[in-house]
Every structure is written in C-alpha cells, then in structure tokens.
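Observations on chain architecture
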Amino acid sequence: MSQLQRLIANDADPGDRLGDSVAIGSNFVVLGAPTDNNGSGYVYVYNYKGTTFTQAQKLTPPDPVQNGYFGWHVAVSGNRIALGAPRANNNAGVATGAVYLFERSGTNWQQVAKVLATDGAQEDWF
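So, here is what we can say about the structure in this document. (Residues numbered from 1 in each chain as written. Predicted model: local features only at pLDDT ≥ 70, side-chain atom pairs only at ≥ 80, totals over all residues. Heavy atoms only, no water.)

The next subject is the sheet that holds strand S2 (residues 28–33). Within a beta sheet, neighbouring strands are joined by backbone hydrogen bonds and run either parallel or antiparallel to one another. Taken in spatial order, the 4 strands line up as S1-S2-S3-S4 in an open sheet, and their pairing is antiparallel. Of all the strands in the sheet, the pair left with one neighbour each is strand S1 (21–24) and strand S4 (52–59). Each adjacent strand pair in this sheet contributes to an overall mean axis angle of 20°, direction not counted. Pairing analysis gives 6 bridges linking S2 to strand S3 (residues 42–49), with the strands arranged antiparallel. The residue bridging Phe28 from the neighbouring strand is Asn47, located in S3. (Pairing = 2+ DSSP bridges. Helix = DSSP H or I, 4+ residues; strand = E, 2+ residues; numbered from the N terminus. Axes fitted to C-alpha atoms, helices over the stretch in contact; angles between N-to-C directions.)

Core analysis: the biggest nonpolar cluster contains 16 residues, and Val30, Leu59, Phe70, Ile81, Leu83 and Phe102 have the highest contact counts within it. Apart from the residues within four sequence positions on either side, Leu59 is in contact with Tyr42, Val43, Val45, Phe70, Ile81, Leu83, Phe102 and Trp109. Formed by 7 residues, the second largest nonpolar core is a distinct cluster that contains Val29, Tyr42, Tyr44 and Tyr46. (Core = buried A, V, L, I, M, F, W, Y, C linked by side-chain atoms within 4.5 Å. Buried < 20%, exposed > 50% of the residue type's maximum accessible area, 1.4 Å probe, protein only. Contact = heavy atoms within 4.5 Å.)

Before going further, it helps to examine the pairing of strand S5 (residues 73–77). Sheet analysis places S5 next to strand S6 (residues 80–85), joined by 5 bridges and oriented antiparallel. In the strand pairing of S6, Ser77 is matched with Arg80. Hairpin connection of S5 to S6: 2 residues between the antiparallel strands, including Gly78 at a positive phi of 60°.

In spatial order, the strands read S5-S6-S7-S8; together these 4 strands make up an open sheet with antiparallel pairing. Lying at the two open borders of the sheet, with one neighbouring strand each, are S5 and strand S8 (108–115). Between one strand and the next, the sheet's axes are offset by a mean angle of 25°, whatever the strand orientation.

Okay, the packing of aromatic side chains next. Enumeration over the complete set of coordinates arrives at 6 aromatic pairs. Geometrically, the ring pair formed by Tyr42 and Tyr44 is edge-to-face, given 6.5 Å between the ring centres and 75° between the ring planes. The class of Tyr42 is buried, set by a relative accessible area of 14%. Judged by its relative accessible area of 1%, Tyr44 is buried. Judged by centre distance (4.7 Å) and plane angle (50°), the ring pair of Tyr48 and Phe53 falls under tilted. Residue classification places Tyr48 among the partly exposed positions, given a relative accessible area of 33%. Site record: aromatic cluster; members linked through ring pairs are Phe70, Tyr100 and Phe102. Stacked on the ring of Tyr42, the Lys or Arg Lys58 has its end atom at 3.8 Å from the ring centre. (Phe/Tyr/Trp six-rings, centres within 6.5 Å; stacked < 30°, edge-to-face > 60°. Lys NZ or Arg CZ within 6 Å of the ring centre and 35° of its normal.)

Written as structure tokens, this is what we have:
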C-alpha cells in the first residue's frame, strides 16, 4: 500500500501531536491534536473528495482547560464523532474527564452533548 497524502493542520505547531488519535468515516477522517493550545487540544476534520483530503473544520472544546487533552481519543460512527478529553474538569473535580459528541449538520460539525461519568471523581481520566 502506498501513501495517499500527508495531512498537516493549517495552523500546526511543533508538539501538537496531530494524529495521536485517528478515526475514519465514510468520506472524512478525524485527527486529534491533544497537546495543541497548551494541552487543551483540538481535533481536525478532513473531508475526502475525489482523490484528496482537505481540512474542513477545526473542533475545539467548549470549555477548554490547560492539559485537558481534548482529542486524546477519537471515534466515528456514521455522522457522529466522539472526542475524549481525559483531563477535562467538571463539578466532580480536576481531570475527571469527559467525552464530547459532535454531529454533522450539512458541512459543519456541531457539539450535541458532553458525557460525564455519573460516579466521576478527581483524577479519573474518564
């Protein structure tokens, strides 16, 4: 198998760790960059058309926290993306973790939910 294309974020910086997590959908690919932006993290969506992937959207956590690692894990199911941020904070404490769910609406991805552990505690890394 040969390499089709090298994907690089438009705003890539050394140490972003783009591609630490990868998930592939029917006509798109999702790449996590969990240490980008002081560790709050970003996720990049690239659409596939014809023979080329093009950066379509940069997803950011709605409640960024330094070293939250948004995009540490990524998963795809149909037109939905699940993005893990194991060190995100919530009412249970620091680094309890969260999963953010995004859904495709037309050509854009929008957050539809934030999932927290019902028994979450500080440093759980959910």
